[in-house]
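A look at the structure
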Amino acid sequence: MLEEHAKVVQFVSLAGQVTGRKKLQKMVYIAKKMQFPFQEKYQFHIYGPYSEELTLRIEELCNMGFLSEEKEDKGSYVQYRYAVTDEGTSFSSMLSKQCDKLPTVIELMNDKSARFLELVSTLLYFDELSKEERIEKVHVVKGKLNFTEEEMSDAFEFIAQLEQQSIN
Amino acid sequence: MTILNISKSHIYSTEKYDHRKWGAFMSYATAKLEEEKVFKDPVHRYVHVRDQVIWDLVGTREFQRLRRIKQLGTTYLVFHGAEHSRFNHSLGVYEIVRRMVDDVFKGRPEWDESERLVVLCAALLHDLGHGPFSHAFEHVFDLDHEEYTRHIIMGDTEVNEVLRRVASDFPQKVSNVIAKTYVNKQVVSMISSQIDADRMDYLQRDAYYTGVSYGHFDMERILRVMRPREDQVVIKSSGMHAIEDYIMSRYQMYWQVYFHPVSRSAEVILTKILHRAKALSEKGYTFLHEPTHFRAFFVGEIKLEDYLALDESILLTYFQLWMQETDPILSDLSRRFVNRKLFNYVEIDPAKDYQKLRELEELFRKAGIDPTYYLVLDSSSDLPYDFYRPGEEEERLPIHLLMPNDEIRELSRSSDVVDAISGKRRTDHKLYFPEDILQESGKKKLLRKQILDILKG
């Protein structure tokens, strides 16, 4: 019971702190695409793969007091910062095993910007297509963000780097 | 224009309609029925069809399959009127979008008329991939109905054949709109956003069929104040109160219908039946009746044909058959579902009680009751419905009002009503268990009584 909740707490605890809901959304998605066992269902939204289930689960975990949520007013919008509470630490310790590679993958992702992770997760979302088609698809669905060629090649490099750490 | 396609589509056409009547300059994409057809509908009064393409899509076997899948899954066990199907709902969403494009958007400079057919088809087909008791089924077999919607639209199906007659890239376009990856975001937002045709139909439809008195709002008014903009549809600020009503109705339906604890109990049992059947199959258990329809799902090699062959009547037939199985868990759970002998529940606060949950699992095992199937925690995050939240910048798109000075503004910043609801806590957890088993006399009676005392606090 509550294993899926515990996995999310463990995820945030390995990251130490995650700034921005969007960032957390993309990080879990990318981890999921790297075959780490997260159950949250994702759909494509304007800002890339998004899971309403994860949003709710995080809200539940905040209400339970296992995650802390700090709200930062950025003027025109608010940003949230997540960390694990002491209660949350003992709660997630019920998960007996954690995959050895997960901490590295999380660390790699947490160093990147939300924008970059949005690009990476969008590329992964279309991973059934060829590389050229994926790039084109990113320009179609995210025309406004104007990703540069450099960002694009960084993203592919990053995916390759993650894949070495992935479960398979 | 797809004039060149016409002659080919004649050959493949199986419709009785005489295509030659269209004349040389009319394509299948713009072909109209000679007379408008209507479907009687209790929610929208009539669903109007004039386009040949829409009429042909409704006639496909994949679309007709939706008649055999209920919109609200297990809710009929609580609200007995809720027997309406995804077929009804799909036609309803189509009708709402048709009213948007033909009555409200038509002629506005921000609306591109060439998107009309693609958005109508996407509206009609958006739920095509739903399986029987969709959510539970997807959960157990790790499937995604959106993926199946794409497969059906792109695969070797009657739906695909109809769409291809419009243009060879048309199925892909329709699929992209439904997958929300279409280039025109405004078109996407008509079907999937915080105020879209999908939600507007199911809220009213579910309210009508369950018979509850909340869930109603003034859709006519909302449609009239919708304004197409580049990336989304926005709402003229003078229509804010109609939107408030819609948000309230979403909120009410969430707690009163979608998250109803008894229909959740039925959903929990349904999920566990499927889990058990799958687990038995993996252990090599010999079923009294070979579960032909499920084999592909048990082994995880699912062909589109296997998927399309399932519907809710097939599942209910198996539940009847499984009541006779020798496995006590499978037969008991099936009996519970068929005869509506559901689990009881207690509210639980996992923050305080998560250690108690472990103890309970242990006690269940000692009492010889498998907690995997008989002690189940159900959380709000297990439900595929939600209510409106403005959210964080760039998390997902909120509802925007179009102010008189042409600025756009997020809804909850203007509406105190919406602000109040969207700040509300919306999480909830319940623990489900079979009280009748715990109350039985006989072996380990004391232990079972002890469990019941803990559960009931």
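Each residue is numbered by its place in its chain's sequence as written, counting from 1. Lettering of chains starts at A and numbering of ligands starts at 1, both following the order in which they are written. Under the rules for a predicted model, residues below a pLDDT of 70 receive no local features and side-chain atom pairs below 80 are neither given nor counted, while totals for whole chains, interfaces and linings still include all residues. The side-chain numbers reported here are obtained from all heavy atoms of the structure, hydrogens and water having been left aside.

1. Section: the side chain of A:R21
All names here are of chain A. Applied cut-off: By definition, any uninterrupted DSSP run of H or I lasting at least four residues is a helix, any uninterrupted run of E lasting at least two residues is a strand, and each is numbered from the N terminus. Burial status follows relative accessibility: with a 1.4 Å probe on protein chains alone, a residue under 20% of its type maximum counts as buried, one over 50% as exposed, and anything between as partly exposed. Identification of polar contacts relies on pairs of N or O atoms within 3.5 Å, with a donor-acceptor requirement for protein atoms, meaning one able to donate a hydrogen and the other able to accept it, and with residues adjacent in sequence counted only if both atoms are side-chain atoms.
By the element assignment, R21 lies in helix α2 (residues 21–33). Its relative accessible area of 17% is what places R21 among the buried residues. Of note is the side chain of R21, whose polar atom sits 2.9 Å from the side chain of Y82.

2. Description of the sheet that holds strand β8 (residues 408–410) of chain B
All names here are of chain B. To keep things clear, this is the line we draw: The criterion for strand pairing is that DSSP finds at least two bridges linking the strands in question. Interaxial angle, 0 to 180 degrees, is taken between N-to-C directions of lines fitted to C-alpha atoms, where a helix line uses only the stretch in contact.
An order of β3-β4-β7-β8 is seen for the 4 strands of this open sheet, with the pairing classed as mixed. If you trace the sheet from one side to the other, it starts and ends with β3 (226–228) and β8, each paired once. Sheet twist, expressed as the mean angle between neighbouring strand axes with direction ignored, is 45°. Pairing of strand β7 (residues 400–402) with β8, which is carried by 3 bridges, proceeds in the antiparallel orientation.

3. Overview of the packing of α2(A) against helix α6 (residues 114–125) of chain A
Residue and element names in this part refer to chain A. Worth spelling out the cut-off: Crossings are classed by handedness, with left-handed meaning an anticlockwise turn of the near helix from the far one by less than a right angle and right-handed meaning a clockwise turn. In this analysis, two residues are considered to be in contact whenever any of their non-hydrogen atoms come within 4.5 Å of each other. Just so you know the grouping, Ala, Val, Leu, Ile, Met, Phe, Trp, Tyr, Cys and Pro go in nonpolar, Asp, Glu, Lys and Arg go in charged, and all remaining residues, Gly too, go in polar.
Orientation of α2 relative to α6, taken along the N-to-C sense of each, is 35°, at an axis distance of 9 Å. Here α2 runs over α6; the crossing is left-handed. Across the interface between the two elements, K22, K23, K26, M27, Y29, I30 and K33 from α2 touch A114, L117, E118, V120, S121, L124 and Y125 from α6. Partitioned by chemical class, the residues of the contact of α2 with α6 number 8 nonpolar, 1 polar and 5 charged.

4. Brief notes about helix α19 (residues 350–366) of chain B
All names here are of chain B. Which entries qualify depends on this criterion: Here the expected span of a helix is defined as 1.5 Å times the quantity of residues minus one. In this analysis the local bend is the angle between axes fitted, respectively, to the seven residues ending at and the seven residues starting at the residue.
The end-to-end C-alpha separation of α19 is 23 Å, in line with the 24 Å expected for 17 residues at 1.5 Å each. Of all bends in α19, the biggest is about 30°, found at K356. Within α19, the full set of buried residues consists of P350, A351, D353, Y354, L357, L360, E361, L363 and F364. Phi for G368, located one or two positions after α19, is positive at around 80°.

5. Digging into the sheet that holds strand β6 (residues 376–379) of chain B
Residues and elements named next belong to chain B. Taken in spatial order, the 3 strands make up an open sheet running β5-β9-β6, and their pairing is antiparallel. Since the sheet does not close on itself, it has two edges, and those belong to β5 (344–347) and β6, each with one partner. With direction set aside, neighbouring strand axes in the sheet form an average angle of 30°. Pairing between β5 and strand β9 (residues 429–433): 4 bridges, direction antiparallel. Bridge pairing in β9 links E347 to K430. Each of β5, β6 and β9 is contacted by helix α14 (residues 261–282), which is oriented at about 60° to β9, the strand it contacts most.

6. Focus on the packing of aromatic side chains
The condition is simple: Ring pairs shown here join Phe, Tyr and Trp side chains whose ring centres sit within 6.5 Å, with only the six-membered ring taken for Trp; geometry is labelled stacked below 30 degrees between planes, edge-to-face above 60, and tilted in between.
One pass over the full model with this rule turns up 37 aromatic pairs over all chains. Between A:F11 and A:F38, the ring centres sit 5.5 Å apart and the planes meet at 85°, which makes this aromatic pair edge-to-face. With a gap of 27 residues between them, A:F11 in helix α1 (residues 3–15) and A:F38 in the loop between α2 and β2 (43–45) connect regions that are remote in the sequence. Judged by relative accessible area, which is 9%, A:F38 ranks as buried. A centroid spacing of 5.7 Å and a plane angle of 55° characterise the contact between B:F141 and B:F297, whose relative ring orientation is tilted. Here B:F297 lies in helix α15 (residues 295–299) and B:F141 lies in helix α6 (residues 134–141), a separation of 156 residues in the sequence. Comparing B:F141 with B:F297 shows no difference in burial state: the two are buried.

7. Some thoughts on the side chain of B:S379
Here B:S379 is to be found in strand β6. Among the residues examined, B:S379 registers a relative accessible area of 2% and is labelled buried.

8. Let's talk about the domain arrangement of chain B
Residues and elements named next belong to chain B. The cut-off we apply is this: The domain boundaries here were taken from an automatic or database domain assignment. Buried area is understood as the total, over both parts, of accessible area removed when two parts are fitted together, assessed with a 1.4 Å probe. Any carboxyl oxygen of Asp or Glu that lies within 4 Å of a side-chain nitrogen of Lys or Arg is treated as forming a salt bridge with it.
Under the domain assignment, chain B is made up of domain 1 (5–258) and domain 2 (261–382 + 428–456). Here the C-alpha centre of domain 2 lies 35 Å away from the C-alpha centre of domain 1. Facing 32 residues of domain 1, the contacting portion of domain 2 comprises 28 residues. Between domain 1 and domain 2, a total of about 2800 Å² is buried, with carbon and sulfur atoms accounting for 66% of that surface. The salt bridge partner of E305 is R61, with a shortest N-O separation of 2.8 Å. Put simply, domain 1 and domain 2 have 9 residue pairs in polar contact (both at pLDDT 80 or more) between them. Taken together, the elements giving at least two residues each to the side of domain 1 that touches domain 2 come down to α3 (61–64), α6, α7 (145–154) and α13 (240–258). Ranked by residue count, the leading element in the side of domain 1 that touches domain 2 is α6, at 6 residues. Looking at side-chain class alone, the side of domain 1 that touches domain 2 contains 17 nonpolar, 10 polar and 5 charged residues.

9. Here's the deal with α6(B)
All names here are of chain B. In terms of residue burial, α6 counts as a mostly covered element, since 6 of its 8 residues are buried. The inward-facing, buried residues of α6 contact α4 (86–105), α7, α14, α15 and α17 (312–322). Downstream of α6 by a residue or two, D142 has a phi angle that is positive, lying close to 50°.

10. Considering the interface of chain B and chain A
Every contact between the two is made by 44 residues of chain B and, on the other side, 41 residues of chain A. Taking both sides of the interface into account, the surface hidden between chain B and chain A amounts to around 3800 Å²; carbon and sulfur atoms contribute 52%. On the surface where chain B and chain A come into contact, there are 1 salt bridge. The salt bridge partner of A:K41 is B:E138, with a shortest N-O separation of 2.6 Å. Scanning the region where chain B abuts chain A turns up 10 residue pairs in polar contact (both at pLDDT 80 or more).

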